[in-house]
Amino acid sequence: MAPPVPGFKLNANGVPDFDALPLRKGDPRRAAWGLYGDKDELGFLNRLTDERVAAAAREEIKSGRRISLNWPLDAQTREKTFFNRAAFHQQLISKAPRTVNDDVWTFNTQVSTQWDGLRHFGYQEEKLFYNGVSQSEIHGVDEKTGKRSTILGIQAWAEQGIVGRGVLIDYHGWRTSPEGQAQSKVENYDSFESVSIPLEDLQACLKAQGTELKFGDILFIRSGFMASLATKTAEDLSTYRDVEPHHFGGVEQSEDMLRWIWDHFAAVAGDQPSFECWPTKEPWRLHEVLLSGWGCPIGELFDLEKLAQHCREIGRWTFFVSSEPCNVPGGVASPPNVLAIF
């Protein structure tokens, strides 16, 4: 992890104010390019300092209870997948005559629970990724060695992982409660429609939970996608997947949402295929600013059902998060290999 380079005016959290973005004239919407140096590949993960991680471990680990947030890698193999991504396939190999087995896995890294890495989604108009990296740089091959470029690859995040204080916003639990039904700004939320989750709702849910945020938190939003998915038939899912572009509920695209994320978090994740409302209702997308403007990891298809149940049982929605992306040089995304620890 690295501190910001000299020359930027920093606030009490050690970052520039949101209103100072973009940091350099001419850079894309709200970009923070250069904050940690032009060669930085960690982005928001620089917020997960040793001190913050150590404090999170001291304050959040009490019982030792561990809960996986990983959806099975083969969860979508039975039908056509969302966004038409290659499904998980396992080749089981018997090493006869020895009593030994090997296996080979092939899959798209975003077909199940994943962290979107910095190579995934660039600024669409400018055609640039984090810190101004171009598509040609990502696909570059060294003429002398023949090695592919690894710039902005997921291996940078594998060095120290995505580890710290996690916060669950159980939006689905709150929205379906009498309190949420009375307060929510969304009349009819549907995980399979392009419905925006407003920031006001998320803040109301936090208040109802009694959860206070700390700078550098890792955010998890239970939108209700997994709960809704469990009620759908194969025919339902086939119909949804045939619609292009797909329609999913998710957080709103707004300046207020961007400000809130900038002011609080080191990474964000949800249980839906697209963290943000899809397709976008604005001329821009959160993916552009979060990934390519700030280097903020976006997690999708996290299985938050058991986590939400345990949080309700103990009345606490904060915990320690340990996530180790796969060490794949040049990787675009990765299964998170993530545990919530209480």
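What counts and what doesn't
- Residues numbered from 1 in each chain as written.
- Predicted model: local features only at pLDDT ≥ 70, side-chain atom pairs only at ≥ 80, totals over all residues.
- Heavy atoms only, no water.
- Helix = DSSP H or I, 4+ residues; strand = E, 2+ residues; numbered from the N terminus.
- Rg over C-alpha atoms; globule rule 2.2 N^0.38 Å.
- Buried < 20%, exposed > 50% of the residue type's maximum accessible area, 1.4 Å probe, protein only.
- Contact = heavy atoms within 4.5 Å.
- Areas by Shrake-Rupley, 256 points an atom, 1.4 Å probe, with all protein chains shown as cover.
- Axes fitted to C-alpha atoms, helices over the stretch in contact; angles between N-to-C directions.
- Parallel < 35°, antiparallel > 145°, perpendicular 65-115°, else oblique.
- Nonpolar A, V, L, I, M, F, W, Y, C, P; charged D, E, K, R; others polar.
- Phe/Tyr/Trp six-rings, centres within 6.5 Å; stacked < 30°, edge-to-face > 60°.
- Lys NZ or Arg CZ within 6 Å of the ring centre and 35° of its normal.
- Pairing = 2+ DSSP bridges.
- Arc of directions from axis to C-beta.
- Salt bridge = Lys/Arg side-chain N within 4 Å of Asp/Glu carboxyl O.

Draft legend 1. Expanded view of the overall build of the protein chain. Helices and strands together make up the secondary structure of the protein chain, namely 11 helices and 13 strands. In summary, the protein chain has a C-alpha radius of gyration of 20 Å against a globular reference of 20 Å for 342 residues, a match within 12%. Along the first, second and third principal axes, the C-alpha set of the protein chain runs to 60 × 55 × 45 Å. The buried share of the protein chain, taken over its 342 residues, is 52%. Once local pairs closer than 6 in sequence are excluded, the contacts in the protein chain between residues at least 24 apart make up 77%. When the accessible area of the protein chain is evaluated, it comes to approximately 15900 Å², of which 48% is carbon and sulfur surface.

Draft legend 2. Up close: the packing of helix α6 (residues 199–209) against helix α9 (residues 255–264). Close contact between α6 and α9 brings their axes to 10 Å; oriented N to C, the two are set at 40 degrees. When the interaxial angle is binned, α6 and α9 end up oblique. Mapping the contact onto sequence places Leu199, Leu202, Gln203 and Leu206 in α6 and Asp256, Met257 and Trp260 in α9. Here the contact of α6 with α9 is built from residues that sort into 5 nonpolar, 1 polar and 1 charged.

Draft legend 3. Representation of the environment of Leu237 within the structure. Note on placement: Leu237 falls in helix α8 (residues 234–242). Given a relative accessible area of 11%, Leu237 falls into the buried group. In this structure Leu237 touches Phe82, Phe192, Leu229 and Lys232, once residues within four positions along its chain are discounted.

Draft legend 4. Spotlight on the packing of aromatic side chains. Evaluated as defined, the whole model comprises 22 aromatic pairs. Centroid distance Phe18 to Trp294: 6.4 Å. Interplanar angle 85 degrees. Geometry classified as edge-to-face. Linking Phe18 in the segment before α1 (50–60) with Trp294 in helix α10 (residues 286–294), this pair joins segments that are 276 residues apart in sequence. Note on Trp294: relative accessible area 2%, which makes it buried. Aromatic ring contacts, followed pair by pair, group Phe82, Phe83, Phe192, Phe225, Tyr240 and Phe248 into a single cluster. The residue whose ring lies beneath Arg47 is Phe44, and the NZ or CZ to ring-centre distance is 3.8 Å.

Draft legend 5. Broad picture of the pairing of strand β11 (residues 318–323). With 5 of its 6 residues buried, β11 lies for the most part within the structure. Judged from the 6 bridges that link them, strand β5 (residues 162–169) and β11 form a sheet pairing that is antiparallel. Residue pairing in the sheet places Ile162 in a bridge with Ser323 of β11. Note: β11 against strand β13 (residues 338–341), 4 bridges, orientation antiparallel. Within β13, the residue paired with Ser322 across the bridge is Leu339.

Draft legend 6. Summary view of unusual backbone geometry. Cis geometry is adopted by the peptide bond preceding Pro97, which originates at Ala96 and carries an omega value of 10 degrees. Assignment of secondary structure puts Pro97 in the loop between β2 (89–94) and β3 (101–106). Of note in the backbone geometry, Asn84 takes a positive phi value of approximately 55 degrees without being a glycine. If you check the backbone angles, Leu301 has positive phi at about 60 degrees while not being a glycine. By the secondary structure assignment, Leu301 is in the loop between β10 (298–300) and α11 (305–314).

Draft legend 7. Structural detail: the sheet that holds β11. Ordered by their spatial adjacency, 9 strands build an open sheet running β1-β13-β11-β5-β7-β9-β10-β4-β12, and the pairing between neighbours is mixed. This sheet does not close on itself; its edge strands, each paired only once, are β1 (66–68) and β12 (333–334). Relative to β10, strand β4 (residues 114–116) runs antiparallel, the two sharing 3 bridges. Paired with Trp115 across the strands is Gly299, a residue of β10. In the packing of α9 onto the sheet, contacts are made with β5, β7 (217–221) and β9 (265–270), and the angle to β9 comes to roughly 125 degrees.

Draft legend 8. View of α1. For α1, every residue scored as buried is listed here: Ala55, Ala56 and Glu60. Looking down the long axis of α1, one finds its buried residues gathered within 105 degrees of arc, a one-sided arrangement. Exposed and facing more than 90 degrees away from the buried side of α1 are Asp50, Glu51 and Arg58. Structurally, α1 contributes buried residues whose contacts are with β5, β11 and β13.

Draft legend 9. Geometry of the pattern of salt bridges. Summed over the entire model, instances satisfying the criterion amount to 15 salt bridges. For Asp38, the salt bridge is made with Arg24, and the minimal N-O distance between the two is 3.3 Å. With Asp38 in the segment before α1 and Arg24 in the segment before α1, this pair connects stretches of sequence that are 14 residues apart. Put simply, Arg285 and Glu288 hold a salt bridge, and the shortest N to O gap is 3.5 Å. A relative accessible area of 22% means that Arg285 is categorised as partly exposed. According to the relative accessible area criterion, Glu288 is buried, its value standing at 6%. Each of Glu60, Arg165, Asp217 and Arg316 takes part in salt bridges that share partners, so that together they form one network.

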